[in-house]
Amino acid sequence: MRLALLLAVPLMGGLALLLVPGRARRPVHLLASALTLAAALAVAAGVVQAGVLAAADGMLRADALSAWMVVLVAVVAGLAALEATRAAPPEAARWFLPLFHLFVFTMLGAVTTDDVGLMWVAIEGTTLASVFLVNAERSRESLEAAYKYVLICSVGIALAFVGTVMLYFADLSVLGAGEHALRWTMLVDLAGAMPARLVQVAFVFLLVGYGTKAGLAPMHTWLPDAHSEAPAPVSALMSGVLLAVGLYGVLRFKVVVDVAAGPQFASRLLGAVGLASVAVAALFLWRPANFKRMLAYSSIEHLGLVCLGVAFGGPWGTAGAMLHVANHGLAKAALFILAGRIRAAYGTADIAAVRGLRGAMPVTARGFLTAMLALMGLPPFGLFVSEVMIFRAGFEGGHAVVAVLAIGFLVLAFGGLLRALHAMLDGEPPAAVREISAWTAAVPVTIALGLLVLTGIAWPPGLAAALERIASAVGP
Amino acid sequence: MMAVCNLLAFLGLLAALLVVWRQSRPGRLQLFVAQSALLAALAAAIALYSGHRELLVVAAAFAVVKVIVVPRVLRRVVVGAPVRPVAPGRSAGLKLLGAGVLVLVSYVVMLPVTAATSLPTAGAIPLAFAASLLGLFVCVSGRDAFTHILGFLVFENGIFGLALLGAYGLPILVEAGVFLDVLVIVLIMEGVVVQIRREHASIDVDRLRELRG
């Protein structure tokens, strides 16, 4: 019931927004976002009580991992929704908000279905719902970004479909026949009897496919363009949660391949891809030229770190990785919202052209500085804690070389980000740039940073238990 | 049964090879239509021989989407595009060689798959996978939007054939979702291509180079 409601609310909200007249759009949009958040919290509460929620004959299913993703999607979508009322491009006013809610619907669908075939359909749906959002500004650059996005992600996700079909073969070879053969729970139950080679081949396809969606190197090439050209609320959603939804797909299949072929196989692959992502991102971040692209590459870096956490495993690795997914989502939501405002005020996203932010937009500058420091992993913000957890898992699990390399890349990225930040904040402010005066503008950023302080120094009761349950769901 | 399936799968692979070889856009589009028709026939054949009657519905839906609707959309892309003269000295020989290598690779990759399935159609699985790899090859090596879309569709066709031969198709709900997604992708790509043409007077993606670094 709660699961059906969770999916119905954003879908209905999107449809309603297509139909209502212009004046009513804003209240309907905010109401739909608030109800989505409420439904997500209800699902999470249900999972805390019952362990697992299921609906529609088991087709919809939410365990601890799903609930974590559901809440993250809904919270980041709520923050982006607040900004969407301000930052929706006027060229696209009519269908921007409907597609926004459809996009949220597809992401929630991807993380709450037990059928890996439908999960594939939903993750492909995230691309289709968001491609016009990327191109909402209708410039040459955003058109190119949208083209690259839909092409690369569709091809990538088709590779994931090959992997899904192969797992279906493996499943049928054990099961004989069955309409529930694509259910994830069924796959996990039967994985022990599946041919290990076949599952391994399938996992490679799935990692490349869903890894494309997660923006992991070397399949990341669509990401900087799409993230930097999309309007701020869409960038926040894409960077904050869409990448995590792609990674969620990989994690589900990691559980299957762990049972079928031993935990080493998936860990090694994830470790390699994770380290490559951190390296690619760090090398770019050393000298960024455009601050939205800088944030996009930083997403590649952090998703790489999450992969490393999952690869290290152990009691700290997976929990740290899942916490890092949430922390990164919150920090990026705040940063993309602020970056969108800075771009609107200065009329450019070139770091070289943004000078004197501190003088021109003091409130925005303070928020940007704070969120950037959080992103770089400084205490008291949550990313510090989750990074420490991930690297602790690396050293304890005997992956010291990989961990040291990754820390080296992190330091490199840190230096580059700090330099860019310094260049933007200081200098002579241009006369034409004005601060946003509405107090409501501060709400989404304050909420995101507040939550990051909570995950940093004052874990709310139940968070540790929740992370433990997620870690046990994802595997050893 | 086996002979019919093998023949249809082989002809599907042949169509994919010809897509690699042909240069003209309408010609490639016709090959895609032919391949889609072959796959619809394959689905119908499997439905009749194996008694999985619901596959007939899938075959019909597949035929409607891939033989009628998608080509109609793609024709709009082809018709408006200025014909680009084929650069001299570019022969298809090297591409065909690459295609041959891909067919061999697909046999090797599919070894664990064919070993695991006991269906009578399993022997043709590498053919379907090879066809999908050729589509992927066309897609990633293409320099214009039409080739990208067409390669992607051949890729998708190959996966459909793979699922047919290895498992008599996927559960019907998933199949329906996949058709819907493919249809929307093609419509989106068409929309984007039309806009690119308006901006750049060409569908050559070489000209899209604003975003670097």
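The preceding data block contains the structure.
Keep in mind that what you see is a predicted model, and the values were worked out from it rather than measured. (Residues numbered from 1 in each chain as written. Chains lettered and ligands numbered in written order. Predicted model: local features only at pLDDT ≥ 70, side-chain atom pairs only at ≥ 80, totals over all residues.)

(A) Highlighting the overall build of chain B. In terms of regular secondary structure, chain B is built from eight helices and zero strands. Counting all 213 residues of chain B, 48% fall into the buried class. Contacts spanning at least 24 positions in sequence make up 71% of the contacts within chain B whose residues lie at least 6 apart. (Helix = DSSP H or I, 4+ residues; strand = E, 2+ residues; numbered from the N terminus. Buried ≥ 20, exposed ≤ 12 C-beta atoms within 10 Å, placed from the backbone. Contact = placed C-beta atoms within 7 Å.)

(B) How the structure looks around the overall build of chain A. Each helix and strand in chain A was counted, giving 19 helices and two strands. For the C-alpha atoms alone, the extent of chain A along its principal axes is close to 70 × 55 × 45 Å. A total of 476 residues make up chain A; the buried ones form 64% of that total. Contacts in chain A between residues far apart in sequence, at least 24 positions, make up 81% of those at least 6 positions apart.

(C) Inspection of the environment of Leu17(A) at higher detail. Residue and element names in this part refer to chain A. Considering the arrangement of structural elements, one finds leucine 17 in helix H1 (residues 2–19). Once the C-alpha coordinates of leucine 17 and leucine 99 are considered, the two residues, 82 residues apart in sequence, prove to be 9.3 Å apart. When sequence neighbours within four positions are dropped, the list of residues in contact with leucine 17 reads Arg25, Val28, His29, Leu97, Pro98 and His101.

(D) Spotlight on the packing of helix H10 (residues 232–261) of chain A against helix H11 (residues 263–285) of chain A. Residue and element names in this part refer to chain A. As a packed pair, H10 and H11 sit with axes 6 Å apart at the nearest point and diverge in direction by 135 degrees. Classified by the angle their axes make, H10 and H11 are oblique. Residues Lys254, Val257, Asp258 and Ala261 of H10 pack against Pro263, Phe265 and Ala266 of H11. Classifying every residue of the contact of H10 with H11 by side-chain character gives five nonpolar, no polar and two charged. (Axes fitted to C-alpha atoms, helices over the stretch in contact; angles between N-to-C directions. Parallel < 35°, antiparallel > 145°, perpendicular 65-115°, else oblique. Nonpolar A, V, L, I, M, F, W, Y, C, P; charged D, E, K, R; others polar.)

(E) View of helix H15 (residues 362–375) of chain A. All names here are of chain A. Taking 1.5 Å as the rise per residue, H15 with 14 residues should run 20 Å; its terminal C-alpha atoms sit 20 Å apart, in good agreement. What H15 keeps buried is the set Thr364, Ala365, Gly367, Phe368, Thr370, Ala371, Met372, Ala374 and Leu375. Among the structural elements, helix H12 (291–312), helix H13 (314–346), helix H14 (357–360), helix H16 (382–396), helix H17 (400–425) and helix H18 (442–457) are those in contact with the buried residues of H15. Trailing H15 by a residue or two, glycine 377 shows a phi angle of about 90 degrees, which is positive. (Expected span 1.5 Å × (residues − 1).)

(F) Spotlight on helix H3 (residues 64–87) of chain A. Helix length check: H3(A), at 24 residues, gives a terminal C-alpha distance of 34 Å against a target of 34 Å (1.5 Å per residue), a fit within 8%. Burial of H3(A) is extensive: 20 of the 24 residues sit out of reach of the surface.

(G) Focus on the interface of chain A and chain B. At the junction of the two partners, chain A supplies 36 residues and chain B supplies 36 residues. Every element with two or more residues in the side of chain A that touches chain B is listed here: helix H5 (116–134), helix H6 (140–175) and helix H8 (196–213) of chain A. When residues in the side of chain A that touches chain B are grouped by element, the largest group, 21 residues, is from H6(A). Residues belonging to the side of chain A that touches chain B are distributed by class as follows: 25 nonpolar, four polar and seven charged.

(H) Examining the nonpolar core more closely. Grouped together as the largest cluster of nonpolar side chains are 283 residues, with contacts concentrated most on Val70(A), Val73(A) and Leu134(B). Residue contributions to this core peak at 23 residues, all from H6(A). Setting aside residues up to four positions removed in sequence, Val70(A) forms contacts with Leu6(A), Ala40(A), Val43(A), Ala44(A), Ala62(A), Leu108(A), Val111(A) and Thr112(A). (Core = buried A, V, L, I, M, F, W, Y, C linked by C-beta atoms within 7 Å.)

(I) Representation of the packing of H10(A) against H13(A) in the model. Residues and elements named next belong to chain A. Relative orientation of the contacting elements H10 and H13 amounts to 165 degrees, with a least axis distance of 8 Å. Between H10 and H13, the angle is such that the two are roughly antiparallel. You can see that H10 and H13 cross each other, and the crossing is right-handed. Residues Ala232, Ser235, Ala236, Ser239, Gly240, Val241 and Ala244 of H10 form the contact with H13, whose own contacting residues are Val325, Gly329, Lys332, Ala333, Phe336, Ile337, Ala339 and Gly340. Across the contact of H10 with H13, the residue classes tally to nine nonpolar, five polar and one charged. (Left-handed = near helix turned anticlockwise from the far one by under 90°.)

(J) Focus on unusual backbone geometry. Cis geometry is found at the peptide bond from Ala217(A) to Pro218(A), where omega equals 0 degrees. Position of Pro218(A) among the secondary structure elements: in the loop between H8 and helix H9 (223–229). Note the cis peptide between Pro379(A) and Pro380(A), where omega equals 10 degrees. Looking at the element boundaries, Pro380(A) is found in the loop between H15 and H16. Phi is positive for Ala56(A), which is not a glycine, with a value near 55 degrees. By the element assignment, Ala56(A) lies in the loop between strand S1 (53–55) and strand S2 (60–62). Residue Ala56(A) is classed as partly exposed on the basis of its C-beta count, with 13 C-beta atoms lying within 10 Å. Not every positive phi belongs to a glycine, and Tyr168(B) is a case in point at roughly 55 degrees.

(K) Seen up close, the environment of Ala202(A). All names here are of chain A. With respect to the secondary-structure elements, alanine 202 resides in helix H8. C-alpha of alanine 202 to C-alpha of leucine 159: the two residues are 43 residues apart in sequence and 9.6 Å apart in space. Alanine 202 has contacts with Gly163, Met166, Leu167 and Ala170, leaving out every residue within four places of it along the chain.

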